Amino acid sequence: MLLLVLLFPVQASEESALQKLEREVSSIAGKVRPSVVRVTASFSPDASVPPDTVTFSGVVFRKDGYIVTDASGVAAAQQLR
């Protein structure tokens with residue numbers, strides 16, 4: 001089996017594709033980060049048992065605070081924070 005590798009030199013003044021991708025992903029992450037939230041749900045089978053707590057993520061979807069998240073985590077929750 002013959003493996004042929006071609007390397008193309010990049011001039012110092014040119015931004016590599018990887019550097020450009022990294023810059024663009026960092027920019028996007030900085031813009032959406034404020035809209036990602038942590039949701040904490042508490043569950044308890046009955047009042048005599050301390051509640052279990054589960055944490056998952058959500059995204060603020062509208063300016064009025066509407067959050068989109070995992071329905072299965074929210075459906076059975078007795079308390080959300």
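Residues numbered from 1 in each chain as written. Predicted model: local features only at pLDDT ≥ 70, side-chain atom pairs only at ≥ 80, totals over all residues. Heavy atoms only, no water.

Draft legend 1. Region of interest: the overall build of the protein. Looking only at helices and strands, the protein has two helices and four strands in total. Helices (α) and strands (β) of the protein occur, in sequence order from the N terminus, as α-β-β-β-α-β. Sorting the 81 residues of the protein into buried and exposed places 10% on the buried side. Partitioning the intrachain contacts of the protein with sequence separation of at least 6 by distance along the chain shows that 33% fall at a separation of at least 24. For the protein, the computed accessible surface area is about 7,200 Å², with 61% contributed by carbon and sulfur atoms. (Helix = DSSP H or I, 4+ residues; strand = E, 2+ residues; numbered from the N terminus. Buried < 20%, exposed > 50% of the residue type's maximum accessible area, 1.4 Å probe, protein only. Contact = heavy atoms within 4.5 Å. Areas by Shrake-Rupley, 256 points an atom, 1.4 Å probe, with all protein chains shown as cover.)

Draft legend 2. Spatial organisation of the pairing of strand E2 (residues 52-60). Bridging between strand E1 (residues 36-43) and E2 involves eight bridges; their strand directions are antiparallel. Bridged to phenylalanine 43 within E2 is aspartate 52. Remark: six residues form the turn of the hairpin made by E2 and strand E3 (residues 67-69), two consecutive strands paired antiparallel; glycine 65 in that turn has positive phi of roughly 100 degrees. (Pairing = 2+ DSSP bridges.)

Draft legend 3. Main features of the pairing of E1. Bridge count between E1 and strand E4 (residues 79-80): two bridges; the pairing is antiparallel. By the bridge assignment for E4, alanine 41 is matched with leucine 80.

Draft legend 4. Up close: the pattern of salt bridges. Scanning the entire structure with this criterion turns up one salt bridge. The partner of arginine 62 in a salt bridge is aspartate 64, and the shortest N-O contact between them spans 3.1 Å. Its relative accessible area of 42% is what places arginine 62 among the partly exposed residues. On the basis of relative accessible area, aspartate 64 is assigned to the exposed category, the value being 57%. (Salt bridge = Lys/Arg side-chain N within 4 Å of Asp/Glu carboxyl O.)

Draft legend 5. Focus on the environment of alanine 76. Tracing the sequence through the fold places alanine 76 in the loop between helix H2 (71-75) and E4. Residue alanine 76 is classed as exposed on the basis of its relative accessible area of 51%. Considering only alpha carbons, one finds alanine 76 and serine 42, 34 residues apart in sequence, at a separation of 8.8 Å.

Draft legend 6. Quick look at the side chain of serine 44. Of note, serine 44 is situated in the loop between E1 and E2. Non-local contacts of serine 44, meaning those with residues more than four positions away in its chain, are made with Val49, Pro50, Pro51 and Gln78.

Draft legend 7. A look at the packing of aromatic side chains. Tallied over the full model, the rule gives one aromatic pair. One residue, arginine 62, lies across the ring of tyrosine 66, its end atom 4.6 Å from the ring centre. (Phe/Tyr/Trp six-rings, centres within 6.5 Å; stacked < 30°, edge-to-face > 60°. Lys NZ or Arg CZ within 6 Å of the ring centre and 35° of its normal.)

Draft legend 8. Looking closely at the environment of alanine 75. Of note, alanine 75 is situated in helix H2. Each C-alpha atom, one on alanine 75 and one on alanine 41, is 9.7 Å from the other, the two residues being 34 residues apart in sequence.

Read these as geometric descriptors, not functional statements.
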